[in-house]
Amino acid sequence: MRRTVIAGNWKMNMTPSEAKKFITELAPMVKGLDKCDIVLCVPYVDIAVACEAAKGTNIHIGAENVHFAESGAYTGEVSAKMLTEIGTEYVIVGHSERRQYFGETDTTVNQRTKAALAAGLKVILCLGEVKDERLAGITDEVVAMQTKLDLAGITAEQLKNVIIAYEPVWAIGTGLTATPEQADETCGVIRSVVRDLYGAEAAEEITIQYGGSMNDANARELLSKPNVDGGLIGGASLKTDKFTSIVLAANA
Ligand code: PEP
């Protein structure tokens, strides 16, 4: 049975000391809530401190991106091996802010995903349509194409370490949320593409999250949908009480 995963994406927020304080405060609040996996994806410089603070808790630590090369002349980038050596378990790849502001394409997203999986990281692979695509009625085609391109060359065995985060770009950081029906329907489209590519069992097993202004008020309804297996949460992951409410909704 597939796991529900509640993951925070801190983006460019929280210093190392703030990260330590946050995790120390969060750990007792989510202790024993075992119906979902709990992940915090944090800025690179916070990872070591976050891993230390999360030791012995049910909180797992992830990065927000990873480079596809093992090493080399890529100023400012971080490799998968650098991440695993300091205890990182998860990594977000293909977030819309990376695609929008830093020129990421499905090709680089695919390369980064492959490198992360080869190094033993679990990947939270983000995809989703922009507003004009939803308004034009081509959401299904867009997410199907992204799913195919981003997963190209990834084996069925490797897919077990992939979580897909369906994130409609128009809902990220905007306060606009997809309706539970829209989230369920589009996560279902992604699941059917996984079925075509990898078979029925893989499609049943894969965790597909919804992301886009999920918060303590709307999480329960979104998470109640059959194709929504968790959330990738930006803004609401920066407050321990709000994030805990979402974890509680996933454990209800
Ligand atoms: C995100 O960063 O992936 C995200 C969904 O952000 P927010 O929850 O703030 O919309």
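You'll find the structure just up there.
Residues numbered from 1 in each chain as written. Predicted model: local features only at pLDDT ≥ 70, side-chain atom pairs only at ≥ 80, totals over all residues. Heavy atoms only, no water.

The next subject is the overall build of the protein chain. When helices and strands are tallied, the protein chain shows 12 helices and 8 strands. Computed over its C-alpha atoms, the radius of gyration of the protein chain comes to 17 Å, within 12% of the 18 Å expected for a compact globule of 252 residues. For the protein chain, the C-alpha atoms occupy an extent of roughly 45 × 45 × 35 Å along the three principal directions. Per-residue burial for the protein chain yields a buried fraction of 54% across its 252 residues. Taking as baseline every contact in the protein chain between residues at least 6 positions apart, the subset at least 24 positions apart corresponds to 73%. Approximately 11400 Å² of the protein chain is accessible, and the part contributed by carbon and sulfur atoms is 54%. The centroid of the 24 positive side-chain charges in the protein chain is displaced by 4 Å from the centroid of its 33 negative side-chain charges. (Helix = DSSP H or I, 4+ residues; strand = E, 2+ residues; numbered from the N terminus. Rg over C-alpha atoms; globule rule 2.2 N^0.38 Å. Buried < 20%, exposed > 50% of the residue type's maximum accessible area, 1.4 Å probe, protein only. Contact = heavy atoms within 4.5 Å. Areas by Shrake-Rupley, 256 points an atom, 1.4 Å probe, with all protein chains shown as cover. Lys, Arg positive; Asp, Glu negative; His and termini not counted. Charge placed at Lys NZ, Arg CZ, Asp CG, Glu CD.)

Counting 67 residues, the largest nonpolar core has Leu40, Ile59 and Ile61 as the members making the most contacts within it. Listed in part, the 11 residues of the second largest apolar core include Ala7, Cys126, Ile163 and Ala165. (Core = buried A, V, L, I, M, F, W, Y, C linked by side-chain atoms within 4.5 Å.)

Our focus in this paragraph is the sheet that holds strand β8 (residues 230-233). With parallel pairing, 8 strands are arranged side by side around a closed barrel as β1-β2-β3-β4-β5-β6-β7-β8. Direction aside, neighbouring strands of the sheet carry axes that sit 30 degrees apart on average. Sheet topology places strand β6 (residues 162-166) next to strand β7 (residues 208-211); 3 bridges connect them, and they run parallel. Within the sheet, the bridge partner assigned to isoleucine 164 lies in β7 and is isoleucine 208. Contacts from helix α7 (residues 139-150) reach β5 (122-127) and β6 within the one sheet, and its direction differs from that of β5 by about 150 degrees. (Pairing = 2+ DSSP bridges. Axes fitted to C-alpha atoms, helices over the stretch in contact; angles between N-to-C directions.)

Overall, the coordinates contain 14 salt bridges when judged by the stated rule. The shortest N-O distance in the salt bridge between glutamate 97 and lysine 11 comes to 2.7 Å. Of this pair, glutamate 97 sits in helix α4 (residues 96-101) while lysine 11 sits in the loop between β1 (4-9) and α1 (16-30), and the two are 86 residues apart along the sequence. Accessibility expressed as a relative area gives 22% for glutamate 97, which makes it partly exposed. Two residues, arginine 134 and glutamate 129, come together in a salt bridge whose shortest N-O distance is 2.7 Å. Among the residues examined, glutamate 129 registers a relative accessible area of 0% and is labelled buried. Where salt bridges share partners, they join Arg2, Arg191, Glu204 and Asp229 into one cluster. (Salt bridge = Lys/Arg side-chain N within 4 Å of Asp/Glu carboxyl O.)

The next point concerns the environment of glutamate 85. Position of glutamate 85 among the secondary structure elements: in helix α3 (residues 80-85). The spatial distance from the C-alpha of glutamate 85 to the C-alpha of alanine 48 is 9.7 Å, given a sequence separation of 37 residues.

Bringing helix α5 (residues 106-118) into the picture now. Taking 1.5 Å as the rise per residue, α5 with 13 residues should run 18 Å; its terminal C-alpha atoms sit 18 Å apart, in good agreement. Within the sequence span of α5, burial applies to Asp106, Thr108, Val109, Asn110, Arg112, Thr113, Ala115, Ala116 and Leu117. (Expected span 1.5 Å × (residues − 1).)

On to the side chain of glutamate 167, then. Relative to the helices and strands, glutamate 167 is located in the loop between β6 and α9 (180-198). For the buried glutamate 167, no salt bridge exists, and the shortest N-O distance to an oppositely charged side chain is 7.0 Å, to lysine 11. At a separation of 3.4 Å, a polar atom in the side chain of glutamate 167 contacts the side chain of histidine 95. For glutamate 167, the residues in contact, after removing those within four places along its chain, are His95, Cys126, Leu127, Gly128, Glu129, Ile172, Gly211, Gly212 and Leu232. (Polar contact = N/O pair within 3.5 Å; in protein donor to acceptor, adjacent residues only side chain to side chain.)

This part covers the layout of surface pockets. Each pocket or cavity is described by its volume, and for the largest pocket that value is around 430 Å³. Taken together, 16 residues make up the lining of the largest pocket; nearest its centre are Lys11, Met12, Glu64, Arg98 and Phe102. Here the lining of the largest pocket takes 3 residues from α4, the largest share from any one element. Split into classes, the residues belonging to the lining of the largest pocket amount to 7 nonpolar, 4 polar and 5 charged. In this structure, the second largest pocket occupies an estimated 360 Å³ of space. Forming the boundary of the second largest pocket are 20 residues, of which Leu159, Lys160, Asn161, Glu205 and Ile206 lie nearest the centre. (1 Å grid on protein atoms, 1.4 Å probe; cavity = no way out; pocket = protein on both sides within 12 Å on 5 of 7 lines; lining within 4 Å. Points joined across faces, edges and corners; volume = space filled by probe spheres on them. Nonpolar A, V, L, I, M, F, W, Y, C, P; charged D, E, K, R; others polar.)

In the structure shown here, the tally under the stated rule is 4 aromatic pairs. Taking 6.5 Å as the distance between ring centres and 85 degrees as the angle between the ring planes, the aromatic pair formed by tyrosine 101 and phenylalanine 102 counts as edge-to-face. Neither residue differs from the other here; tyrosine 101 and phenylalanine 102 are each classed as exposed. Across from the ring centre of phenylalanine 102, 4.1 Å away, lies the NZ or CZ of arginine 98, which sits over that ring. The residue whose ring lies beneath lysine 122 is tyrosine 90, and the NZ or CZ to ring-centre distance is 5.3 Å. (Phe/Tyr/Trp six-rings, centres within 6.5 Å; stacked < 30°, edge-to-face > 60°. Lys NZ or Arg CZ within 6 Å of the ring centre and 35° of its normal.)

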